[in-house]
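Coordinate analysis (summary)
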Amino acid sequence: MTDTTSDAASPTDSPSVSSSASLPVSPSLTLLGLGAMGTAFARAWLAAGYPLTVWNRTPSRAEALVAEGARPAASAAEAVAASTLVVTCLLDDASVGETLEGADLTGKDLVDLTTGTPSEARTRAVWAEARGARFLSGGIMAVPPMIGTPEAGGYVLYSGSQDLFEAHRTTLAAPAGTRFVGGNPGHAALQDVALLSGMYGMLAGVAHAFALIGGEKDIAPAEFAPLLAEWVAAMSGTIPQIGEQLASGDYESGVTSSLEMQVAGIKTFLGTAADQNVSPELLTPFFDMMRRQAETGGGGEGFAGLVGLLT
Ligand code: NDP
């Protein structure tokens, strides 16, 4: 199977106009990996009119997409051969290596949307370049229903070859927003993991909060939930100040809720957890750090000083 509408020669991948029918012609691409996320990307590209070649280890997962207009490839190597732009959305980095093992990547633009560590992305970039391909790593900041739904706000962080990104930015932007975060191929993965880590910290607090009210018959979790969501959203407004303080090295200016004041309140949190028969295990490591920073001269600071305790 060959690519008849390759965009390799175009400086950008904006749809061109076919001379015969005067209809916009979208550049073709290949997608390997049709799990929940890969399928969502495939549907978005098909809906936007992109000729799409697909391959999946378990072929039956391609059937619905083929019925919607995707071209099936019999092997990963055949799928790679079909387009200049090759996208992988597989389980993990090992499955990317396995899948592309026998494929000829010479002259290909490989975009890997598979979640992995920064060092895996950097190693994969060297691996791809050694095989003659340009490489871009993507970190998907969305869940499948957000793909192809611009108003949902999902986006993909990209890092690696800026030339590749610029050449295919219109195609890459069809399923979700795009943010190029630099030439280091590991930086999309790093920022992806950093953002998700912030989310897990938030969800740890959310779990503790629901546990606190869990024993009360007259506080319905569904009624409490919007209060919690509003509060957490409001508190996220303090994040930019932490970033500014880390950049300036001044952790005290503008602080209105000092660590000293907050450390004094820890007994209230632990006492409330004990009263409600809730384990404080999600909060105590953070409280311990707050105490440590306050006791070593950081009592007038906010949270910026805690970052240094981790490194
Ligand atoms: P799924 O588990 O739904 O799909 C996994 C895909 O990887 C399938 O196509 C599977 O093929 C394939 N695969 C697994 N192992 C191999 C292998 N050894 N060789 C070839 N193919 C293999 O995962 P998702 O589609 O949800 O996720 C894909 C990527 O997107 C992951 O890296 C995930 O972290 C990332 N992501 C997912 C999000 C989500 O909410 N779903 C959110 C953000 C990122 P087969 O069908 O044959 O099993």
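To keep things clear, this report deals only with the structure shown in the data block. (Residues numbered from 1 in each chain as written. Predicted model: local features only at pLDDT ≥ 70, side-chain atom pairs only at ≥ 80, totals over all residues. Heavy atoms only, no water.)

Moving on to the overall build of the protein chain. On a plain count of helices and strands, the protein chain comes out with 14 helices and 10 strands. Dimensions of the protein chain, computed from the C-alpha atoms along their principal axes, are close to 75 × 45 × 40 Å. The burial tally for the protein chain puts 40% of its 311 residues in the buried class. (Helix = DSSP H or I, 4+ residues; strand = E, 2+ residues; numbered from the N terminus. Buried < 20%, exposed > 50% of the residue type's maximum accessible area, 1.4 Å probe, protein only.)

Turning next to the sheet that holds strand E8 (residues 134-141). Sheet strands associate in pairs through backbone hydrogen bonding, adopting either a parallel or an antiparallel arrangement. Ordered in space as E5-E4-E3-E6-E7-E8-E9-E10, the 8 strands form an open sheet in which the pairing is mixed. Each end of this open sheet is capped by a strand with a single partner; those strands are strand E5 (71-72) and strand E10 (177-180). Direction of pairing for strand E3 (residues 29-32) relative to strand E6 (residues 85-88): parallel, over a ladder of 3 bridges. Across the sheet, the residue bridging to Leu 31 is Val 87, located in E6. (Pairing = 2+ DSSP bridges.)

Close to the ligand lie 22 residues, the nearest being Met 37, Asn 56, Thr 58, Arg 61 and Thr 115. Separating an oxygen atom of the ligand from a side-chain N or O atom of Asn 56 is a distance of 2.6 Å. In the environment of the ligand, a nitrogen atom lies 3.2 Å from a nitrogen or oxygen atom belonging to the side chain of Glu 98. Calculation on the ligand without its partners gives an accessible area of 900 Å², and the protein chains cover 77% of this total. Looking at the shell around the ligand, the elements that each hand over two or more residues are helix H1 (36-47) and helix H4 (93-100). (Near = heavy atom within 4 Å. Polar contact = N/O pair within 3.5 Å; in protein donor to acceptor, adjacent residues only side chain to side chain. Areas by Shrake-Rupley, 256 points an atom, 1.4 Å probe, with all protein chains shown as cover.)

Let's shift gears to empty space enclosed by the protein. Tallying each qualifying case throughout the model produces 1 cavity of 30 Å³ or more. Estimates place the volume of the largest cavity at around 100 Å³. Broken down by secondary-structure element, the contributors of at least two residues to the lining of the largest cavity are helix H5 (118-130), E8 and helix H8 (187-214). If you tally residues by element for the lining of the largest cavity, the top one is E8, at 4 residues. Taken together, the residues that form the lining of the largest cavity break down as 3 nonpolar, 7 polar and 5 charged. (1 Å grid on protein atoms, 1.4 Å probe; cavity = no way out; pocket = protein on both sides within 12 Å on 5 of 7 lines; lining within 4 Å. Points joined across faces, edges and corners; volume = space filled by probe spheres on them. Nonpolar A, V, L, I, M, F, W, Y, C, P; charged D, E, K, R; others polar.)

Our focus in this paragraph is the packing of aromatic side chains. The full count for this structure, using the stated rule, is 6 aromatic pairs. What links up through ring pairs into an aromatic cluster is the set Tyr 158, Phe 165 and Phe 180. Above the ring of Trp 127, the side-chain terminus of Arg 124 is found at 4.5 Å from the ring centroid. Positioned over the ring face of Tyr 155 is Arg 179, at 3.9 Å from the centre of the ring. (Phe/Tyr/Trp six-rings, centres within 6.5 Å; stacked < 30°, edge-to-face > 60°. Lys NZ or Arg CZ within 6 Å of the ring centre and 35° of its normal.)

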